[in-house]
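# Geometric and topological summary
So you can see what is in the structure, the chains are spelled out below.
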Amino acid sequence: MLFFLCIGNSFAQQTPASKQTKAFSIEGATAHLGDGTEIDDSLIMFADGKITFVGSAKMKIARQGTVINARGKHVYPGFIAVNSTLGLVEINSVKASSDEEELGTMNPHIRSLIAYNAESKVVETMRPNGILMGQITPRGGRISGTSSVVQFDAWNWEDAALKVDDGIHMNWPTSTTFRWGAGEGVKINENYSKNINELSDYLDAGKDYLKGSKSPKNLELEALKGLFDKTQKLYMHVNGEREITDAVHFAKKHGVDLVIVGADEAHKVTDILVKNKIPVVIKRAHLIPGNNDDNYDKSYKTALHLVEKGITVTIGLEEGHVRMNDRNLPFNAGTFAAHGLDKEEAVKLITLNAAKILGIDNIVGSLTVGKDATLFISEGDALDMRGNILTEAFIQGRKLSLESHQTKLWKRYSNKYKNQ
Amino acid sequence: MKKTLLLFLFLSTLVGQAQEYFPTNSGVKTSENTTVAFINAKIYVTPTQIINKGTLLVKDGKVVSVGKNVRIPNGAKTLDLSGKSIYPSFIEVYSDFGIQTPIQQPNPNRIRQYEANRKGYYWNDHIRPETNGFDSFKYDSKKATDLLKAGFGVVNTHMNDGIASGSGVLVALNSSSTDAYRILDTKSAQYFSVNKSRLSRQAYPGSFIGKTALLRQVFMDAKWYESGNAKNKDLSLEALIANKNLTQIFNAGQTNLNAIRLDKVGDESGVQFSFVGSGHEYEDIQEIKNMNATMIVPVNFRAAYDVSNPYLANQMELSDMRRWNQEPSNLAVLAKNNVNFTITTHTLKSVAVFQKNIQKAIQYGLDETKVLEALTTVPAKLLGKSSEIGSLQNGSYANFLITSGPIFDASTTVYENWVQGNKHVLSDMEAIDVSGEYTLSYNNKNLNLSIDGTKGTLKNGTTALKSKFSYKDNWVTITMNNQNDTSKYTRFVGALDDNQTSFSGTVVDESGNESSFTAIKKSDKKKVSKKKNSKSTTPMVVPVTYPNVGYGFASKPKQETILFKNATVWTGEKEGILKNTDVLLKDGKIAQIGTKLRARGARVVDATGKHLSAGIIDEHTHIAIFNGSVNEGGQNSSAEVTIEDGINPSDMNIYRNLAGGVTSAQLLHGSANPIGGRSAIIKLKWGETADNLVYKNAPKFIKFALGENVKQSSARVNYRFPQTRMGVEQVFTDYFQRAKEYDAAKKSGKPYRKDLEMEVLAEILNKERFVTSHSYVQSEINMLMKVADKFNFNINTFTHILEGYKVADKMKAHGVGASTFSDWWAYKFEVNDAIPYNAAIMHNVGVTVAINSDDREMSRRLNQEAAKTIKYGAMTELEAWKMVTINPAKLLHLDDRVGSIKVGKDADVVLWTDHPMSIYTKAQTTIIDGTVYFDLEQDLAKRKAIQKERSMLMNMMLNEKNNGGKVQAPKKNLNRANTCETEATELN
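Residues numbered from 1 in each chain as written. Chains lettered and ligands numbered in written order. Predicted model: local features only at pLDDT ≥ 70, side-chain atom pairs only at ≥ 80, totals over all residues. Heavy atoms only, no water.

Now for the interface of chain B and chain A. Across the contact, 72 residues belong to chain B and 70 residues belong to chain A. When chain B packs against chain A, close to 6100 Å² is buried across both sides, 55% of that on carbon and sulfur atoms. Our count for the chain B to chain A interface comes out at four salt bridges. Between Arg386(A) and Glu877(B) there is a salt bridge whose closest N-O contact spans 3.3 Å. Seen at the junction of chain B and chain A, the total is 38 residue pairs in polar contact (both at pLDDT 80 or more). For the side of chain B that touches chain A, the secondary structure elements donating two or more residues are helix 7 (310–313), helix 14 (652–658), helix 19 (808–814), helix 20 (838–845), helix 21 (862–871) and helix 24 (936–962) of chain B. Classifying every residue of the side of chain B that touches chain A gives 35 nonpolar, 14 polar and 23 charged. (Contact = heavy atoms within 4.5 Å. Buried area = accessible area lost by both parts, 1.4 Å probe. Salt bridge = Lys/Arg side-chain N within 4 Å of Asp/Glu carboxyl O. Polar contact = N/O pair within 3.5 Å; in protein donor to acceptor, adjacent residues only side chain to side chain. Helix = DSSP H or I, 4+ residues; strand = E, 2+ residues; numbered from the N terminus. Nonpolar A, V, L, I, M, F, W, Y, C, P; charged D, E, K, R; others polar.)

As structure tokens, this is what we get:
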């Protein structure tokens, strides 16, 4: 049947593809470059894992290697899932399968990468939707730990790593408290300043420690090094307008590179974000607004409100039905596009912007000569459910299997009934 | 400032405290039978029978005579009340006065108890009609004092514990007497509440819908027991039966919908309840009126919210701010709508604010005679005691108030509250009002003294001097600071002269030298009647909307005749997609489909470039249900409950679903137990009442559940059967076997005990009710079909059904449909093999497949979820679209009414800005029964209105705060999502 043809190599399930040895030329597709532009009738060529050509198919240039006729189709850089826990938990309700949250409040030394399950069944369902990379992020505590960026076709976490220990994740305190049950009054959190001071003291202690003899060794404070030498970013998980403002001042005071994550009320404090060039990892579009008086489309418009001010925005995957739903990342971008955001800007959210924020835009994030050939071909508009049907996908030029545990069961049972 | 303590003088001389046939060993036995005559008073015999300059004759604690020309017997004590008024004392109908509520024992291990504690009583510990409030009654003098001050003379109290909480006690607040006299009735009323007993941890009922079901069953069982059919002794039912002719008082809690539902339960059971209400009856006034019940209404008006910090204030919702503004008008609205009501102090933190709140209600338009009736004759009648209390007719208890003027005026002083002929002084009637401006002279100095009631201030010219003042029992005391040296004082003490216009006495200066002083009145106090002024302007009350929350309608939307021109029409029928087509909606139906249609009087909508489809139908959702009414998990079967009892018509998710093109939904019970509850199938008519949301003549449905949830996989302690899928099968077999036997007994014509649960299960066996079963893995899916086969019925729908693709052929053979998620999986162990191709495989085999949400967020994007079946499994666009329209309509047996665009079907349609399954589309207009319930333009207007009203109310609250009014912290609503497991654990 027709739909079976969509599936490539049906035997290479989950087996990582081997190193690219022959070149590919994708001809005739609409190329969405990831930087906000597109090329109709494009020609994309790549060899040895790197993109060698991006231009028009009308160009009279020799096609390298295998030519894929992609006329009527679309090419995209691989999508990037930011602030995700993919590979850290396999089944939500089975505690034994969960490795996302460690005990303790200050855990900068806790590293997600070493727990990342490169063979997760959940991760392999990302690829048929165009999501080829992710920032794997620990949860919990005041400082949750250190994230890493991986690509989704690897034998193990070491092979998967694109950027090891890219940033430290901190959960900013809230300035209001709210007690469940009777009264339901919102009150000022009297400990708010104290909580901030604790964080401030902690970073100061780290700075002092790192300047000193470092003996005896302090694993936690040692782990803060990247923040101060700016090889790591500080991902601040923070939502309120006051809290975001305070977090920006905090980061400036400590001289660290800040990324705002969550950012429910970022649209109210765009001035300070623009002024300090702070990028924002917003929540997915498919969420219910928090207050009954909110506009029904409030969460559909968060990207627009920040992008139109010139803020670098990507989509994070912390709230909502996490992990299994991460594969709907493209449709969240599509929803932002449905509610005012330019379509190519919506693509940019989950490609170049994500790469820039994660500090990997030198290797991925757009269809640019010299970058990794991490890209895919879709039958149609990949931000629309009806069009997001992948025919080929490549990571570092390696042609991926688009099979999964799920496609295997699909075929197995379709065949069962076909043969009955 | 020193607080003036009011002394209560208990004069025990008027009623003989030695009971007449009791022996006495302390002296000579005496009996008192003094008659007291109150003359020249304005007497309110009842709120409408008023005697000017009348006489009230009291003897032995009762009214002997009242009227204009009453003969005063010799030896009577006469009190001249010229210029004063007498009112009957108030009656508090709902109270737990003097009865201690039990304290719940802690349950640190959170163990759930399924069985009852007691034997010989009803099987459910929360049904306790055998409780006699009197058994635990201990007169509370302190609380009595508060109530007396508020004007009450009689209080009806009870043990506030349990759903059926027993009978109450009627008590006169005669603090100087004993229970021998003040207990008026030990079975004054029968009480119910929506709260479980604190004396038992029995889990059932764990929800409001469980409570309504339990009550229905209790009243049925009482009938069965009364007719002598029961083999066992049941002291609870005996008490319930014994109490059935008493007044039945139900504390329905904070939600109007509770009272409205419970009134229906009463109607079905032949009981008329009187309801302790929410205090915001005005929001559902028509339905409250239709109940024809007496409402016992609290006057607990919330303080303004402190919105001075916008960051905190932003978290508030319009609906809460509105209630602050609207609540004081509640009683006026009830009165205007002729609802019979009495007023209670219940829920007031302090009874001291009662009078003030009543005055506020009057300021908001409540008629004063109505208030008086609501506090006297109405409660007396409600308790069947009109001849004894609530009025001052001959023979009534001498329970009355003596006031300086109209009782509800802020400037009126209530002097005395007489109960059973015993006087309780609230304010000294003999006290002389010395208010006025005085010249205080001593040692050749002159100061100005200004006295207002018992307060006074000293001034040098117009400069106020630091001083302390008191006036009591005709004596004045002033302590004045040296204005330069605050450690030095001058003291005055003096008595009122006989002329009552001056004081004279002694002054002691800073050095201890004594001399005399006088204070001579220059002028009377100017009566500034502030209250009168504010009374004349009724405060601004913002209008109620439908529903009374943000995005509500100013008036309920009306059905229209609408002609859509030139649309792309997704018929969902064999005609497929029709381009450039007109559709006419008339009288709530789809009237015509064609080209170049015309219709007189129709509103024409140019739909060029737009798509028109049938409204989306969500087969599985839990929106529009009150928190805590999704699951009744207190037992492994809850067939007796119905979600119709738990509908919340003001849930914002209704509006948000409309914005996603959803027009109908099945509100399902959760998945806490194998046999769940009955569904409510509704149309999302935003602004309509709960009843009007429900489909008329809707097919009957019930929710079943299988697998991890029902076997309590995430429970910490395992104790309820079943704990395995093996046990789940036996639960069904057991219940259906019993239902079969029940049905046979019922059909035999012999007497049988009517059992709600069995009635519902028998409906399934008789193919009158359809089953939607929550299901995941293939083994359990297969199992349930086999159980159904065995009992000769069909499962109608498997919902979730994530492994349906593994047994699709068996499902087709059984004739069951499927309602599934588009792409959910991995959230628990049993969904490990869930695949997004499930819908397509089942469809290809020939099963009717719908895509559902089970999620308030996803439900507003079901068009996108349908589109996923194109990606996963290569469904055609037409077939994909049917999965959220005509297919769920088929599963719900509503396909003859909704689900497609066909002439004669209900006009439930959506106009989309784009292809309905495009990620880029929006629902522009959503129409149900020809009425527009959502429209993008309307939505923009509503946003502006919300902003305007929020800011207006916030300004009003800030104004209140700045004028010294009380404020409270802003309120935040959690908006918790309902899921299958709302009662139990986390995600379904």
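Here the narrative resumes.
Attention shifts here to the pairing of strand 30 (residues 577–586) of chain B. All names here are of chain B. As paired elements, strand 29 (residues 562–570) and strand 30 share six bridges and run antiparallel to each other. Each residue of the ladder has a partner; that of Ala567, found in strand 30, is Thr581. Two strands pair when backbone bridges link them, and strand 30 and strand 31 (residues 589–594) are joined in this way by five bridges, in the antiparallel orientation. Paired with Leu585 across the two strands is Ile590, which belongs to strand 31. Hairpin connection of strand 30 to strand 31: two residues between the antiparallel strands, including Asp587 at a positive phi of 50 degrees. (Pairing = 2+ DSSP bridges.)

Before going further, it helps to examine helix 8 (residues 318–326) of chain B. Residue and element names in this part refer to chain B. When you tally the buried positions in helix 8, you get eight out of nine residues, the bulk of the element. By the burial criterion, the buried members of helix 8 are Leu318, Ser319, Asp320, Met321, Arg322, Trp324, Asn325 and Gln326. Those residues of helix 8 that are buried are in contact with strand 15 (304–305), helix 9 (330–336) and helix 24. (Buried < 20%, exposed > 50% of the residue type's maximum accessible area, 1.4 Å probe, protein only.)

A separate point is the pattern of salt bridges. Under the definition given, this model contains 77 salt bridges over all chains. Among the salt bridges present, the one from Arg71(A) reaches Glu27(A), with a minimum N-O distance of 3.9 Å. Here Arg71(A) is found in the loop between strand 6 (66–69) and strand 7 (74–77), whereas its partner Glu27(A) is found in strand 1 (residues 24–27), with 44 residues between them in sequence. Owing to a relative accessible area of 49%, Arg71(A) belongs among the partly exposed residues under this scheme. Residue classification places Glu27(A) among the buried positions, given a relative accessible area of 17%. Residues Arg753(B) and Asp221(B) are paired through a salt bridge, measuring 2.9 Å at the closest nitrogen-oxygen approach. Of the two residues, Arg753(B) is situated in the loop between helix 16 (725–747) and helix 17 (756–765) and Asp221(B) in helix 3 (residues 208–226); the sequence distance between them amounts to 532 residues. Asp221(B) sits in the buried class, given a relative accessible area of 4%. Residues participating in the shared-partner salt-bridge network are Lys589(B), Lys683(B), Lys685(B), Asp906(B), Asp908(B) and Asp929(B).

Residue and element names in this part refer to chain B. Strand order in the open sheet formed by six strands is 36-38-39-40-41-42, with mixed pairing between adjacent strands. Whereas interior strands pair on both sides, the edge strands pair on one side only; in this sheet they are strand 36 (675–678) and strand 42 (849–851). Neighbour-to-neighbour, the strand axes of the sheet open up by a mean angle of 25 degrees, direction not taken into account. Sheet topology places strand 40 (residues 797–800) next to strand 41 (residues 817–820); four bridges connect them, and they run parallel. Considered in strand 41, the bridge of Thr799 is made with Ser819. (Axes fitted to C-alpha atoms, helices over the stretch in contact; angles between N-to-C directions.)

Further remarks concern the pairing of strand 18 (residues 375–378) of chain A. Residues and elements named next belong to chain A. Both faces of strand 18 are covered, namely the face carrying Leu375 and Ile377 and the face carrying Phe376 and Ser378. Pairing between strand 7 and strand 18: four bridges, direction antiparallel. Its bridge partner being in strand 18, Val75 is matched across the sheet by Ile377. Bridge count between strand 18 and strand 19 (residues 390–395): four bridges; the pairing is antiparallel. Paired with Ser378 across the two strands is Leu390, which belongs to strand 19.

Moving on to the packing of helix 3 of chain B against helix 4 (residues 235–242) of chain B. All names here are of chain B. Their axes nearest at 9 Å, the elements helix 3 and helix 4 cross at an angle of 90 degrees. It follows from the interaxial angle that helix 3 and helix 4 lie roughly perpendicular. Here helix 3 contributes Val218, Phe219, Asp221, Ala222, Tyr225 and Glu226 to the contact with helix 4, which in turn contributes Leu237, Glu238, Leu240 and Ile241. Considering only residue class, the contact of helix 3 with helix 4 consists of seven nonpolar, no polar and three charged. (Parallel < 35°, antiparallel > 145°, perpendicular 65-115°, else oblique.)

This part takes up the packing of aromatic side chains. Residues and elements named next belong to chain B. Applying the stated rule across the entire model yields 49 aromatic pairs over all chains. Where Phe97 meets Tyr139, the ring centres are 5.4 Å apart and the plane angle is 85 degrees; that geometry is what we call edge-to-face. Placement of Phe97 in the loop between strand 6 (90–95) and helix 1 (141–149) and of Tyr139 in the loop between strand 6 and helix 1 is noted, with a sequence separation of 42 residues between them. Residue classification places Phe97 among the buried positions, given a relative accessible area of 1%. We classify Tyr139 as buried; its relative accessible area is 11%. Ring plane angle 20 degrees and centroid distance 5.6 Å describe the contact between Phe192 and Phe250, whose orientation is recorded as stacked. (Phe/Tyr/Trp six-rings, centres within 6.5 Å; stacked < 30°, edge-to-face > 60°.)

Residue and element names in this part refer to chain B. The strand order across the open sheet formed by nine strands is 23-22-21-20-28-27-26-25-24, and the pairing between neighbours is antiparallel. Of all strands in the sheet, those bounded by a partner on one side alone are strand 23 (463–464) and strand 24 (467–472). By the bridge criterion, seven bridges tie strand 20 (residues 436–442) to strand 28 (residues 514–524) in an arrangement that is antiparallel. Looking across to strand 28, one finds that Leu440 is bridged to Ala519.

Looking now at the nonpolar core. Counting 302 residues, the largest nonpolar core has Leu273(A), Phe354(B) and Met811(B) as the members making the most contacts within it. If you tally residues by element for this core, the top one is helix 3 of chain B, at nine residues. In contact with Leu273(A), not counting residues within four places along its chain, are Ile244(A), Val248(A), Ile260(A), Ala266(A), Ile278(A), Val280(A) and Ile311(A). Residues Val434(B), Tyr442(B), Leu449(B) and Tyr471(B) belong to the second largest nonpolar core, which totals 20 residues. (Core = buried A, V, L, I, M, F, W, Y, C linked by side-chain atoms within 4.5 Å.)

Before going further, it helps to examine the confidence of the model for chain B. Predicted coordinates in regions of low pLDDT should not be interpreted in detail. All names here are of chain B. Summary statistics for chain B give a mean pLDDT of 93 and a share of 95% for residues scoring 70 or more. Confidence drops under a pLDDT of 50 for residues 529–535, and excluding neighbours within four residues, the segment shows seven contacts in the predicted structure. Confidence drops under a pLDDT of 50 for residues 983–988, and excluding neighbours within four residues, the segment shows 22 contacts in the predicted structure. Here the predicted complex scores 0.93 on pTM and 0.95 on ipTM. (pLDDT = per-residue confidence, 0-100.)

This part is about the packing of helix 8 of chain B against helix 24 of chain B. All names here are of chain B. It is the contact of helix 8 with helix 24, at a shortest axis distance of 10 Å, that shows an interaxial angle of 50 degrees. Taken together, helix 8 and helix 24 sit at an angle that is classed as oblique. The chirality of how helix 8 crosses helix 24 is left-handed. Across the interface between the two elements, Leu318, Met321, Arg322, Trp324 and Asn325 of helix 8 pack against Ile946, Glu949, Arg950, Leu953, Met954, Met956, Met957 and Glu960 of helix 24. Classifying every residue of the contact of helix 8 with helix 24 by side-chain character gives eight nonpolar, one polar and four charged. (Left-handed = near helix turned anticlockwise from the far one by under 90°.)

Moving on, we get to unusual backbone geometry. Cis rather than trans, the peptide bond between Ser215(A) and Pro216(A) has omega equal to -5 degrees. Within the secondary structure layout, Pro216(A) lies in the loop between helix 3 (192–211) and helix 4 (219–222). At the junction of Tyr546(B) and Pro547(B), the peptide bond is cis and its omega measures out at -10 degrees in the coordinates. For Pro547(B), the position within the fold is in the loop between helix 13 (530–536) and strand 29. Of note, the phi angle at Lys277(A) is positive, near 50 degrees, even though the residue is not glycine. For Lys277(A), the position within the fold is in the loop between helix 7 (270–275) and strand 16 (280–282). Assessed through its relative accessible area of 72%, Lys277(A) is described here as exposed.

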